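Each chain is listed here by its residues.
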Amino acid sequence: MNTVRLQAGSDAIGPRALAPRVALQGVSKIYNGRAVLDGIDLDLAPGEFLAVLGPSGTGKTTLLRLLAGLERVDGGTVGVPKVHSVVFQEPRLVPGQRVWKNVVVSDRWSAASRERALSALREVGLQDKAQSWPKDLSGGEAQRVALARALVHEPELLLLDEPFAALDALTRIKMHALVDELWRAHLPTVVLVTHDIDEALLLADRVIVLREGKVQRDIALSEPRPRDRSSAVLGRLRTGLLRDLGVDQGQHTGVAQQVTV
Amino acid sequence: MMSPVSLSQTSKRETPSTPPFAGGERWTDTAVRLLVRSLVVLLIVALWWTASASGSLSADLLPSPAQVIAACVGLVSDGDLAQALSISLYRAFVGFFIGSGIGLVLGLFAGLLKVGEQLVDAPMQIFRAIPFIALLPLFITWFGIGEYSKVMLIISATIFPVYLNTYGGARNVDKKLIEMARSFKLSSARIALRIVLPTSLPSIFVGLRYSSSTALLALVVSEQLNASSGIGYLLMTANQQQNSDIVIAIVIVYAIFGVLLDMFWRLAEHFALPWRAKIAL
């Protein structure tokens with residue numbers, strides 16, 4: 001095992017030309033003697049959209065937290081771009097601050113930062129909610145504010161930790177379209193941790209399946225966007241991924257079926 | 001067997017949460033509610049009145065409402081009440097402001113800083129176990145029977161509610177919000193000012209509200225045990241002279257105080273915490 005310890009979040013890539021923007025080398029994370037991540041190697045090109053799937057407890061969220069700098073590695077190195085931001089599973093808005101102040105929570109509040117907040121809110125379709133309090137937002141709106149907050153500083157890496165898991169199905173579909181659109185407009189590198197295979201297939205260029213602390217599968221997707229969730233190619237991939245995740249689909253091959261693992 | 005179209009596995013309401021009292025009630029409902037509430041009060045007064053009028057309730061024990069009203073009018077017209085009130089309110093306000101101020105500063109110190117918690121919290125937890133009324137004899141020895149001992153008692157009664165709620169409020173801010181702030185690289189000062197402080201404000205208000213009623217309690221106690229002025233003194237004098245109508249009148253003054261304080265805090269919270277679900281006024 002690689003024993004080089006580096007603080008997660010530091011730029012470990014160095015001066016190499018054409019270095020990938022996100023680079024994990026031999027990354028391990030141990031909880032209570034169990035290696036949740038066990039020597040993960042992963043390179044992401046700038047602008048790549050990666051979806052991370054895996055059964056519960058396989059370290060998907062741990063991987064994301066390492067990339068966000070919220071945890072330290074127990075082995076290996078993590079290199080991420082300096083400007084990165086996270087959308088968590090819950091919106092995590094500060095209830096006592098108005099929406100626009102939540103969007104620019106890390107900036108000095110001024111007319112200029114308010115303008116930045118407003119333009120980020122416009123992108124997620126919530127410019128008229130700038131003066132609202134978080135309690136007056138619906139779940140989907142709150143999560144869109146969290147998305148605006150993550151995008152307001154033009155991150156090179158956007159980390160999405162099951163951001164739509166708590167939303168209802170229709171809102172989730174709208175959020176998928178929004179994320180697809182925002183990604184194409186800004187082209188950050190994206191790491192999306194999700195339980196939802198369809199979400200991964202609709203949005204990502206590349207899907208990895210984590211299992212027992214390792215990357216079990218690494219699939220590239222080249223379907224044109226916006227994608228049709230009922231396409232045959234996606235259907236075949238879905239069946240394969242379900243098998244990887246240990247779900248035997250049997251005779252159920254309904255194309256509209258959405259399976260949450 | 002799995003249904004072929006199972007759209008939502010973990011669905012959550014998409015509607016904004018409606019605050020329990022925010023204008024959801026029609027005015028007719030409000031009117032009925034208020035009418036029922038005031039009817040109960042009127043009924044109690046009516047019972048009191050008939051019991052006094054029929055002679056089954058001795059005027060020495062509980063004077064009739066008419067006598068109490070007359071006593072109130074007397075207290076107001078001869079200026080006794082105004083004079084006593086100004087002295088008592090002054091004591092209560094000074095004690096409350098100093099006590100809550102100390103509680104707020106110590107609570108923020110312990111709530112925001114690790115070192116503050118280590119320095120302040122353990123002694124505060126020990127002191128708060130002391131019932132403040134037990135300190136009165138000691139305070140009289142230390143500060144005499146003048147204003148100091150009274151104000152000191154009110155101070156010592158108001159520090160802890162504010163301290164505990166401020167400290168608790170700051171420490172109980174959702175760890176996930178702090179983590180969010182860290183991930184967005186907020187400085188510690190900004191985390192304190194933008195996240196911890198506003199988020200713990202409701203809890204601080206609970207402390208202030210509680211300590212204002214404790215201030216009233218401390219005022220009553222200190223003025224009844226040793227005083228030559230104030231409404232507590234007025235009450236004790238009336239009691240010694242067997243004027244129970246004046247005693248009741250002053251008890252009603254205390255009650256009005258309590259109600260006014262409650263209204264004040266409701267209004268203050270309404271305006272200071274617009275981001276919370278609305279509170280019924």
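Computed from a predicted model, the values in this text were never measured in an experiment.

**Student:** Before we move on, could you go through the overall build of chain A and cite the residues and values that matter?
**Tutor:** Helix and strand counts for chain A come out as seven helices and nine strands. Within the span of chain A, comprising 261 residues, buried residues form 57% of the whole. Expressed as a percentage of contacts within chain A between residues at least 6 apart in sequence, the contacts between residues at least 24 apart total 69%.

**Student:** Could you give me a rundown of the side chain of lysine 150 of chain B, with the residues and numbers involved?
**Tutor:** Residues and elements named next belong to chain B. Topologically, lysine 150 is positioned in helix α6 (residues 147-171). Here lysine 150 sits buried without a salt bridge, and the closest side chain of opposite charge, glutamate 147, lies 4.8 Å off (N-O distance). With residues near it in sequence (within four places) discarded, lysine 150 still touches Arg91, Ile145, Ser222, Asn226 and Ala227.

**Student:** Talk me through the confidence of the model for chain B; I want residue IDs and the actual numbers.
**Tutor:** On average, chain B scores 87 in pLDDT, and the residues at 70 or more come to 90%. Reported for the predicted complex are a pTM of 0.79 and an ipTM of 0.83.

**Student:** Report on the pattern of salt bridges, specifying residues and quantitative values.
**Tutor:** In the structure shown here, the tally under the stated rule is 25 salt bridges over all chains. A salt bridge links lysine 176 of chain B to glutamate 90 of chain A; the nearest nitrogen and oxygen atoms lie 3.0 Å apart. Linking lysine 176 of chain B in helix α7 (residues 175-183) with glutamate 90 of chain A in the loop between β5 (84-87) and α2 (99-103), this pair reaches from one chain into another. The structure contains a network of salt bridges with shared partners spanning Lys29, Arg65, Glu71, Glu90 and Arg92 of chain A together with Lys176 and Glu179 of chain B.

**Student:** Outline the nonpolar core, supporting the account with residue identities and numerical values.
**Tutor:** Counting residues in hydrophobic clusters, the biggest one holds 88 residues, and the most contacted among them are Leu24, Val103, Leu121, Leu147 and Val191 of chain A together with Ile195 of chain B. For this core, the element with the most residues is helix α4 (residues 139-151) of chain A, which contributes seven residues. Leave out the neighbours within four places in its chain, and isoleucine 195 of chain B touches Val94 of chain A together with Val173, Leu177, Ile178, Met180, Ala181, Leu186 and Arg190 of chain B. Listed in part, the 40 residues of the second largest apolar core include Ala84, Val162, Val220 and Val221 of chain B.

**Student:** Tell me about the environment of valine 68 of chain B, and please be specific about residues and values.
**Tutor:** Within the secondary structure, valine 68 of chain B sits in helix α2 (residues 65-77). Sequence-distant contacts of valine 68 of chain B, that is, excluding residues within four places in its chain, are made with Trp48, Pro63, Asp245, Ile248, Ala249 and Ile252 of chain B.

**Student:** Explain a nonpolar patch on the surface to me, and be specific about the residues and the numbers.
**Tutor:** Residue and element names in this part refer to chain B. Taken together, the side chains of Val41, Val45, Trp49, Ile69 and Val73 present a nonpolar region at the surface, about 440 Å² in accessible area. Listed by contribution, the elements that provide at least two residues to the nonpolar patch are α1 (27-53) and α2. Mapped onto the elements, tryptophan 49 comes out in helix α1.

**Student:** Lay out helix α8 (residues 188-225) of chain B in plain terms, naming residues and giving numbers.
**Tutor:** Between the first and last C-alpha of α8 of chain B there are merely 48 Å, a value that for 38 residues lags more than 12% behind the 56 Å anticipated at 1.5 Å per step. Leucine 201 of chain B marks where α8 of chain B bends most, by close to 50 degrees; the proline proline 202 of chain B follows one to four residues later.

**Student:** Kindly report on the UniProt feature "domain: ABC transporter" (unreviewed entry) in chain A, identifying the contributing residues and their values.
**Tutor:** Here, the residues flagged by UniProt with the feature "domain: ABC transporter" (unreviewed entry) are residues 22-237 of chain A. Secondary structure across residues 22-237 of chain A comprises 33% helix and 27% strand; the distance between its end C-alpha atoms is 25 Å.

**Student:** Can you lay out the sheet that holds strand β3 (residues 49-53) of chain A for me, pointing to particular residues and giving the numbers?
**Tutor:** All names here are of chain A. Here we have six strands laid out as an open sheet, ordered β5-β6-β7-β3-β8-β9, and mixed in their pairing. Edge strands, defined here as strands with exactly one partner in the open sheet, are β5 and β9 (214-220). On average, each strand axis in the sheet is tilted by 20 degrees relative to the strand beside it, whichever way the strands run. Across the sheet, helix α1 (residues 60-68) touches β3, β5, β6 (157-161), β7 (189-193) and β8 (206-211), and the angle it forms with β6 is around 150 degrees.

Each value, and the rule that gives it
Residues numbered from 1 in each chain as written. Chains lettered and ligands numbered in written order. Predicted model: local features only at pLDDT ≥ 70, side-chain atom pairs only at ≥ 80, totals over all residues. Heavy atoms only, no water. Helix = DSSP H or I, 4+ residues; strand = E, 2+ residues; numbered from the N terminus. Buried < 20%, exposed > 50% of the residue type's maximum accessible area, 1.4 Å probe, protein only. Contact = heavy atoms within 4.5 Å. Lys, Arg positive; Asp, Glu negative; His and termini not counted. Salt bridge = Lys/Arg side-chain N within 4 Å of Asp/Glu carboxyl O. pLDDT = per-residue confidence, 0-100. Core = buried A, V, L, I, M, F, W, Y, C linked by side-chain atoms within 4.5 Å. Patch = residues over 30% accessible without salt bridge, like charges linked within 9 Å, V, L, I, M, F, W, Y side chains within 5 Å. Areas by Shrake-Rupley, 256 points an atom, 1.4 Å probe, with all protein chains shown as cover. Expected span 1.5 Å × (residues − 1). Bend = angle between axes of the 7 residues up to and from the residue. UniProt positions renumbered as here; feature names shortened; annotations may be inferred. Pairing = 2+ DSSP bridges. Axes fitted to C-alpha atoms, helices over the stretch in contact; angles between N-to-C directions.

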